[in-house]
Amino acid sequence: MYSAVGLLIAASTPRRGFGVAAIMGFLVVSQGIAVVILGIAGGLDNPVPPESANWVGLLSPGWLVEGLVTQLFGLGSAADLHAPGTLGVTVFALEAAVVVAGSYGLLRRRYRSI
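Quick notes on the rules
- Residues numbered from 1 in each chain as written.
- Predicted model: local features only at pLDDT ≥ 70, side-chain atom pairs only at ≥ 80, totals over all residues.
- Heavy atoms only, no water.
- Helix = DSSP H or I, 4+ residues; strand = E, 2+ residues; numbered from the N terminus.
- Buried < 20%, exposed > 50% of the residue type's maximum accessible area, 1.4 Å probe, protein only.
- Contact = heavy atoms within 4.5 Å.
- Areas by Shrake-Rupley, 256 points an atom, 1.4 Å probe, with all protein chains shown as cover.
- Lys, Arg positive; Asp, Glu negative; His and termini not counted.
- Charge placed at Lys NZ, Arg CZ, Asp CG, Glu CD.
- Expected span 1.5 Å × (residues − 1).
- Phe/Tyr/Trp six-rings, centres within 6.5 Å; stacked < 30°, edge-to-face > 60°.
- Lys NZ or Arg CZ within 6 Å of the ring centre and 35° of its normal.

Caption draft 1: Fine view of the overall build of the protein. Secondary structure assignment for the protein yields 4 helices and 0 strands. Tracing the protein from N to C terminus, the helices and strands come up as α-α-α-α. Counting the 114 residues in the protein, one finds 31% classified as buried. The contacts in the protein between residues at least 6 apart in sequence include a share of 59% that link residues at least 24 apart. Surface summary for the protein: the accessible area is close to 7,000 Å², and the carbon and sulfur share equals 69%. Mean positive and mean negative side-chain charge positions of the protein (6 and 5 charges, respectively) differ by 35 Å.

This is how it looks when you write it as structure tokens:
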């Protein structure tokens, strides 16, 4: 997930330094937005957040992978971020596949002209 997103962003920037800053910025901003929404949903101040708060994992690449792996392999406790139920696992896995495949397709399109 990180490689797919990072390669796509780096390929879109004209200079190496801009690419590194853009990748770090994307990851930090997406994580920050996810934390804010998790706080609004009541998942930060509760020892066991509501099940609906786990859907915020779709907004951040790190949380997407963490939530999917936690639910698939039964890791962690009820308080940890996880994909909510069977529908959550399906949606999280589908989003991960779409992000990776979409990044690959856009990379191929970008470098086809070079």
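Structure's up, so let's keep going.
Caption draft 2: Representation of helix H2 (residues 16–40) within the structure. With 25 residues, H2 extends 36 Å from end C-alpha to end C-alpha; this agrees with the ideal 36 Å at 1.5 Å per step. Buried within H2 we find Gly-19, Ser-30, Ala-34 and Leu-38. Residues of H2 that are buried make contact with helix H1 (2–12) and helix H3 (61–73). Positive phi shows up at Gly-42, right after H2, with a value of about 90 degrees.

Caption draft 3: Representation of the packing of aromatic side chains within the structure. Per the counting criterion, the structure on display carries 1 aromatic pair. Lying across the ring of Tyr-111, Arg-110 places its NZ or CZ 5.3 Å from the centre.

Everything listed is a geometric property; what it means functionally is a separate question.
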